[in-house]
Amino acid sequence: MARQERAVRTRRVVLEAAAKVFAEYGYSAATVSDILKVAEMTKGALYFHFDSKEALARGVIEAQVERSLPPQDLKVQEWVDQGMLLAYQLPRDPVVRAGAVLSSDALGREQYGSAWPTLIERSARTLAEAKARGEILAHIVPQQTAELLASTFHGVQLFSQLETGLADVERRISVLYEHLMPTIAMPAVLARLDLSADRGARLFTQMEAAQTKDAERQESALATD
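Residues numbered from 1 in each chain as written. Predicted model: local features only at pLDDT ≥ 70, side-chain atom pairs only at ≥ 80, totals over all residues. Heavy atoms only, no water.

Any details on the packing of helix 9 (residues 142-164) against helix 10 (residues 169-180)? Residues and values, ideally.
Angle between the axes and distance between the axes: these two values describe a pair of packed helices. As a packed pair, helix 9 and helix 10 sit with axes 9 Å apart at the nearest point and diverge in direction by 145 degrees. In the crossing of helix 9 with helix 10, the sense of the turn from one axis to the other is right-handed. Where helix 9 approaches helix 10, its residues Leu148, Leu149, Thr152, Phe153, Val156, Gln157, Phe159 and Ser160 are matched on the opposing element by Val169, Arg172, Ile173, Leu176, Tyr177 and Leu180. In terms of residue class, the contact of helix 9 with helix 10 is built from 10 nonpolar, three polar and one charged. (Axes fitted to C-alpha atoms, helices over the stretch in contact; angles between N-to-C directions. Helix = DSSP H or I, 4+ residues; strand = E, 2+ residues; numbered from the N terminus. Left-handed = near helix turned anticlockwise from the far one by under 90°. Contact = heavy atoms within 4.5 Å. Nonpolar A, V, L, I, M, F, W, Y, C, P; charged D, E, K, R; others polar.)

Help me get a handle on the confidence of the model for the protein chain, residues and values and all.
Looking at the protein chain, the pLDDT average stands at 92 and 96% of residues meet or exceed 70. Within the protein chain, helix 10 carries the highest mean pLDDT (98), whereas helix 12 (residues 199-224) carries the lowest (83). (pLDDT = per-residue confidence, 0-100.)

Can you explain the layout of surface pockets? Please cite residues and give values.
Over the atoms a probe the size of a water molecule is rolled, and this reveals where empty space is left. Taken as a whole, the largest pocket encloses approximately 1400 Å³ of empty space. For the largest pocket, the lining is made up of 50 residues, of which Arg12, Ala63, Glu66, Arg67 and Gln89 are closest to its centre. When contributions to the lining of the largest pocket are tallied by element, the ones reaching two or more residues are helix 1 (2-29), helix 4 (53-64), helix 5 (75-89), helix 6 (94-103), helix 8 (116-132), helix 9 and helix 12. Residue composition of the lining of the largest pocket, by class: 26 nonpolar, 12 polar and 12 charged. Its volume calculated, the second largest pocket comes out at about 210 Å³. Of all the elements in the fold, those that place two or more residues in the lining of the second largest pocket are helix 5 and helix 8. Here the lining of the second largest pocket takes four residues from helix 8, the largest share from any one element. (1 Å grid on protein atoms, 1.4 Å probe; cavity = no way out; pocket = protein on both sides within 12 Å on 5 of 7 lines; lining within 4 Å. Points joined across faces, edges and corners; volume = space filled by probe spheres on them.)

Tell me about the nonpolar core, and please be specific about residues and values.
One finds Val76, Trp79, Ile173, Tyr177, Met181 and Leu193 to be the most contacted residues of the largest nonpolar core, which totals 29 residues. Those elements that provide at least two residues to this core are helix 5, helix 6, helix 8, helix 9 and helix 10. With six residues, the top contributor of residues to this core is helix 5. Setting aside anything within four residues of it in sequence, one finds Ile173 in contact with Gly83, Met84, Ala87, Phe153 and Val156. Ala30, Ala55, Leu56 and Ala57 belong to the second-largest nonpolar core, a separate cluster that totals 28 residues. (Core = buried A, V, L, I, M, F, W, Y, C linked by side-chain atoms within 4.5 Å. Buried < 20%, exposed > 50% of the residue type's maximum accessible area, 1.4 Å probe, protein only.)

Written out as structure tokens, the structure is:
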């Protein structure tokens, strides 16, 4: 168990180091040597987990989309939460930021893929569930709306990056939802939605607290055994 935990931690260190390098230099200019310097580990330790720069990029993208959000009473709130959490993480989590950079690389993504298909599929699925519950307007096509949000989100993110280095990305994404949701949600549902700029921060705190409790329960169970 201890060996597995060390392996998981080492893999995370490698991914975060790769993410920092990819976010700063982009995929083409980044080198494994740069990543090794940031990770402060040997080439053998790195290649034990990832056998190439391409595999590292793929690992960063997979890590960006692996986290699940807590369920809400409204499915359309879960849809909003997906974007608000991402907006919160972009300036703070190197893996999420690098995933955005890698997914926007027109040439590199042909080698390692992109987070966009997974994020759009998740978005469309959540919207479809919201529509089945009568939370959004009948004419809304989930796939089209998910793709529209992805492209608009990317534009807002890029604008925030250029203007403030992502310092105001949460506010700008909140404004995006404030303008978008009246065209999607049923009026009675719209009044119940939380579109505030600090929504992502509160979600992240809630998720971290739940993760800590789960870890404590697991440790307690192991000690009992």
